Amino acid sequence: MFQQLLLTMLHIKIYSIGWILGVLLLGLTSCKPPVPPTDLSKENIIPQPISITATGNAFVLTDDSDIFVEGPEELKQIGQYLADKLNPSTRFDMKVASTTGAPKSGNIYLTLSADPQLGEEGYELNITNNLLKLAANKPAGLFRGIQTLRQVFPAKIELSTAQQGPWKIPTGVIRDYPSYAWRGSMLDVARHFFGVEDVKRYIDLISYYKINILHLHLSDDQGWRIEIKSWPNLTKHGGSTQVGGGKGGFYTQEQYADLVAYSQARYITIVPEIDLPGHINSALASYGELNGGTIVPEEGRVALSKPSRDILGAKTKPTELYTGIAVGWSTLRVEKEVTFKFVEDVLRELAALTPGPYLHIGGDEAAATKKKDYITFINRFKDIVKANGKIMVGWEEIAQADINSEVVTQYWHSQKYAQTAVEKESKIIMPPSTKAYIDMSYDSTTKLGLHWAAYIEVDSAYRWNLATHVKGIGRENILGIEAPLWSETITTMDDIEFLAFPRLPGYAEIGWSPENGRAWDEYKVRLGNHGPRLTAMEVNFYRSSKVPWIK
Ligand code: TNX
């Protein structure tokens, strides 16, 4: 009897274990297993690639994966850059090695191609279940492709601490290349100074969205930020303050060279700007002989209003340092050759520090400069830049001078100047202040920023096209987009990030992706999916209510 009971109980137990196992097995086979991300076309990539063909399988990065490069030495650095992005979170300690031909299964393979459609910056990312292959004509294309690859991995890939895998990505082919050659952002380090580490972080953040130009606004009324060895007082005195009266600062030439190298390794060209002949008080305070007379700065006026004409102090006397935010009240002195000696020295030293093809001479808001003097200035700057083997870039007002196809004009608000520039065959960069000025507040509650041009919410920042924004200026006239971040109201890296993000990814897409088919309603979903990525990168971004942020 007792034995029978025991047997029955055992039977029940065996039966129930079997049943539980059965249910488990059934569960594993009939319920959906945890779905691997198998549709490459559903990934939230910004800027949107030209074409994505999904093949429905998955590639898994494992502890055995390494990065193999085939091509010149430079590719090893790109491979190392990728390893440095993937290793901290995966803890796979991936190594970079050279190879001839595709490596064995499970690895990443970077190689060069000869594919005319891909151009200078395009790439093809070919993901199969056993190989992750990235090919491009130029190293720059590989670097851009790596940004796409980062965005295909789960957001936590961007964290600097160890994360749990699996590191699965969907298979397929992405072919991609930019619409416009110039996709830039400008950082004003003159109104408030930002040190080398901040600028490097900005370079890192913009490179994630395939931006390829960093325009540095290196001088203005409030501060001179780049060491010029032949005119040392520019930084010694002229760099010693900033808006609000803080201590300012400047880059030594060594620090600047370090910044240039850092951006080169991210395939970003630095375009240095020295703002001339207006916006020049920091130089006039440092060397009185350059002073062409200043007019009363009108506080509270930021742009677009008429200055008064009262001359402050005497020409040729050093001015006082300035810590307000008015514009258009200082000018270089046109009559004396010492002014042009100064400009030659500055641009020569700057050109020597600049591997990129461009030098920006400012040229904006020179309201204290007489028109005929302004034209004399710009024409002479043009010759000086050319003599240094560089291409001159200037704000739209330079259209009044004798510019030509060798000069690049930066539009900001005047249709008339832009059209004149185009008539003179100058190519245009497009940062319309009502759409792409990232120093404009998002709305009336935003604590940072100005709003003289507009309030620019994230949707408004995205909803426009380069080729149709200014009447008479078409695609053939436009080099590309730029998003300037003027720094009157910002003092920290957190502030920079708050105004730049999340508008900057939208500008990157306007410059990179075809206009056809771009729509805010579709884009905002992808942008919302970048919330966790920006968070993982510790970006202090504005959580706009227009965007459906993913938690
Ligand atoms: C106008 S637009 C400026 C800058 C100011 C900015 C503030 C242009 C070329 N110049 O000097 O910093 O407005 O938004």
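Conventions used here
- For every chain, the first residue of its written sequence is number 1, and the numbers climb from 1 along that sequence.
- Owing to the predicted nature of the model, reporting of local features is limited to residues with pLDDT of at least 70; listing and counting of side-chain atom pairs is limited to 80 or more, with chain, interface and lining totals taken over all residues.
- The basis for the side-chain values is all heavy atoms of the structure; hydrogens and waters are excluded.
- The numbering of helices and of strands both runs from the N terminus, where a helix is a DSSP run of H or I of at least 4 residues and a strand a run of E of at least 2.
- For each residue, the accessible area found with a 1.4 Å probe, counting protein chains only, is set against the maximum for its type, and the residue is called buried under 20%, exposed over 50%, and partly exposed in between.
- Whether two residues touch is decided by their heavy atoms; if any such pair falls within 4.5 Å, the residues are in contact.
- Areas reported here follow the Shrake-Rupley algorithm with a probe of radius 1.4 Å; residue values treat only the protein chains shown as occluding.
- The convention is simple: Lys and Arg are positive, Asp and Glu are negative, and His and the chain ends are not counted.
- In plain terms, the charge of a residue is placed at NZ if it is Lys, CZ if Arg, CG if Asp and CD if Glu.
- Any residue with at least one heavy atom within 4 Å of a molecule or strand is counted as near it.
- Polar contacts, as counted here, are pairs of nitrogen or oxygen atoms within 3.5 Å of one another; within protein the pair requires one atom able to donate a hydrogen and one able to accept it, and residues that are adjacent in sequence qualify only if both atoms are side-chain atoms.
- Any residue outside Ala, Val, Leu, Ile, Met, Phe, Trp, Tyr, Cys, Pro, Asp, Glu, Lys and Arg is labelled polar, Gly included; the first ten of those are nonpolar and the last four are charged.
- Strands qualify as paired when DSSP identifies two bridges or more between them.
- Think of each axis as a best-fit line through the C-alpha atoms, taken over the contacting stretch in the case of a helix, with angles from 0 to 180 degrees between the N-to-C directions.
- We call a crossing left-handed when the near helix sits turned anticlockwise from the far one by less than a right angle, and right-handed when that turn is clockwise.
- When a carboxyl oxygen of Asp or Glu is within 4 Å of a side-chain nitrogen of Lys or Arg, the pair counts as a salt bridge.
- A helix's residues, less one, multiplied by 1.5 Å, set its expected span.
- Note that the domain bounds were set by an automatic or database domain assignment.
- Once two parts are joined, some of their accessible surface, as seen by a 1.4 Å probe, is lost; buried area is that loss totalled over both.

The number of helices and strands found in the chain is 16 helices and 19 strands. Considered along the principal axes of its C-alpha atoms, the chain spans approximately 120 × 50 × 45 Å. A total of 551 residues make up the chain; the buried ones form 58% of that total. Relative to all contacts within the chain whose residues are 6 or more apart in sequence, the contacts with residues 24 or more apart total 73%. For the chain, the accessible surface area stands at approximately 22,400 Å², while carbon and sulfur atoms represent 56% of it. Between the mean site of the 57 positive side-chain charges and the mean site of the 62 negative ones, the chain shows a separation of 3 Å.

Attention shifts here to the site of the ligand. Taken together, 15 residues form the shell around the ligand, and within it Arg 191, Tyr 437, Asp 439, Trp 452 and Glu 488 come nearest. A distance of 2.6 Å is found between an oxygen atom of the ligand and a side-chain nitrogen or oxygen belonging to Asp 439. Within the side chain of Trp 452, one N or O atom sits 2.7 Å away from an oxygen atom of the ligand. Starting from 360 Å² of accessible surface for the ligand in isolation, the protein chains cover 100%. In terms of residue class, the shell around the ligand is built from 9 nonpolar, 1 polar and 5 charged.

Moving on, we get to unusual backbone geometry. With omega at -5 degrees, the peptide bond leading from Ile 46 into Pro 47 counts as cis. Turning to its location among the elements, Pro 47 is positioned in the loop between α1 (2-30) and β1 (51-61). The amide bond that connects Leu 276 to the next residue, Pro 277, takes the cis arrangement and shows omega of -15 degrees. By the element assignment, Pro 277 lies in the loop between β12 (269-276) and α7 (281-286). With phi around 50 degrees, His 279 is a residue other than glycine that occupies positive phi space. Residue classification places His 279 among the buried residues on the basis of a relative accessible area of 1%. Of note in this structure, Glu 365 is not a glycine but carries a positive phi near 45 degrees. In this fold, Glu 365 is placed in the loop between β15 (358-362) and α9 (371-387).

Turning next to the pairing of strand β7 (residues 167-176). Of all 10 residues in β7, 8 are buried; the element is thus mostly enclosed. Examined bridge by bridge, β1 and β7 share 8 bridges and lie antiparallel to one another. Pairing of Ala 54 across the sheet is with Gly 172, part of β7. Where strand β5 (residues 123-127) meets β7, 5 bridges bridge the pair, whose relative direction is antiparallel. Bridge assignment links Ile 127 to a residue of β7, and that residue is Gly 172.

Let us now look at the packing of helix α8 (residues 337-352) against α9. With their axes 10 Å apart at the nearest point, α8 and α9 run at an angle of 40 degrees to one another. Taken as a pair, α8 and α9 cross one another with a handedness that is right-handed. On the side of α8, the interface is formed by Glu 337, Thr 339, Phe 340, Val 343, Glu 344 and Leu 347, while α9 contributes Phe 377, Arg 380, Phe 381, Ile 384 and Val 385. For the contact of α8 with α9, the residue count by class is 7 nonpolar, 1 polar and 3 charged.

Let us look at the sheet that holds strand β17 (residues 407-410). Judged by pairing direction, the barrel is parallel, and its 8 strands sit side by side in the order β8-β9-β12-β15-β16-β17-β18-β19 before closing back on the first. Here the average twist between neighbouring strands, direction ignored, is 30 degrees. As judged from the 5 bridges shared by strand β9 (residues 213-217) and β12, these two strands associate in the parallel manner. Counted as the bridge partner of Ile 213 is Thr 269 from β12.

We now examine the side chain of Arg 518. Among the secondary structure elements, Arg 518 is positioned in the loop between α14 (503-512) and α15 (520-529). The buried charged residue Arg 518 lacks any salt bridge, with Glu 515 as its nearest oppositely charged partner at 5.2 Å. At 2.4 Å, the side chain of Arg 518 forms a polar contact with the side chain of Asn 465. If near-sequence neighbours (up to four positions away) are discounted, Arg 518 is found in contact with Tyr 462, Trp 464, Asn 465, Glu 509, Ile 510 and Ser 513.

Turning our eyes to something else, we now look at helix α2 (residues 74-90). In this model, α2 (17 residues) spans 25 Å end to end at C-alpha, consistent with the 24 Å of a helix rising 1.5 Å per residue. The set of residues buried in α2 consists of Leu 75, Ile 78, Gly 79, Tyr 81, Leu 82, Ala 83, Leu 86, Asn 87, Ser 89 and Thr 90. Just beyond α2, the residue with positive phi is Arg 91, at close to 55 degrees.

The next thing to look at is the domain arrangement of the chain. Often, the extent of an interface is quoted as the loss of accessible area on bringing the components together. Along its sequence, the chain is organised into domain 1 (40-176) and domain 2 (182-515). When each unit is reduced to the centre of its C-alpha atoms, the spacing between domain 1 and domain 2 is 36 Å. With 20 residues of domain 1 at the interface, the matching set in domain 2 holds 16 residues. Between domain 1 and domain 2 lies a buried interface of about 1,600 Å² when both sides are counted; carbon and sulfur atoms form 57% of it. Between the two partners, domain 1 and domain 2, sit 10 residue pairs in polar contact (both at pLDDT 80 or more). Counting residues per element, the ones that place at least two in the side of domain 1 that touches domain 2 are α2 and α3 (139-152).

On to the pattern of salt bridges. Where charged atoms from two side chains of opposite charge come close, those side chains can pair. In total, this model carries 27 salt bridges according to the counting rule given. Across the pair Lys 42 and Asp 39 runs a salt bridge whose closest N-O atoms are separated by 3.0 Å.

So, about the environment of Val 458. With respect to the helices and strands, the residue Val 458 is situated in helix α12 (residues 458-462). The spatial distance from the C-alpha of Val 458 to the C-alpha of Lys 435 is 9.7 Å, given a sequence separation of 23 residues. If we skip the residues at most four places from it in the chain, Val 458 touches Tyr 442, Pro 502, Arg 503, Trp 520, Leu 527, Tyr 542, Ser 544 and Val 547.

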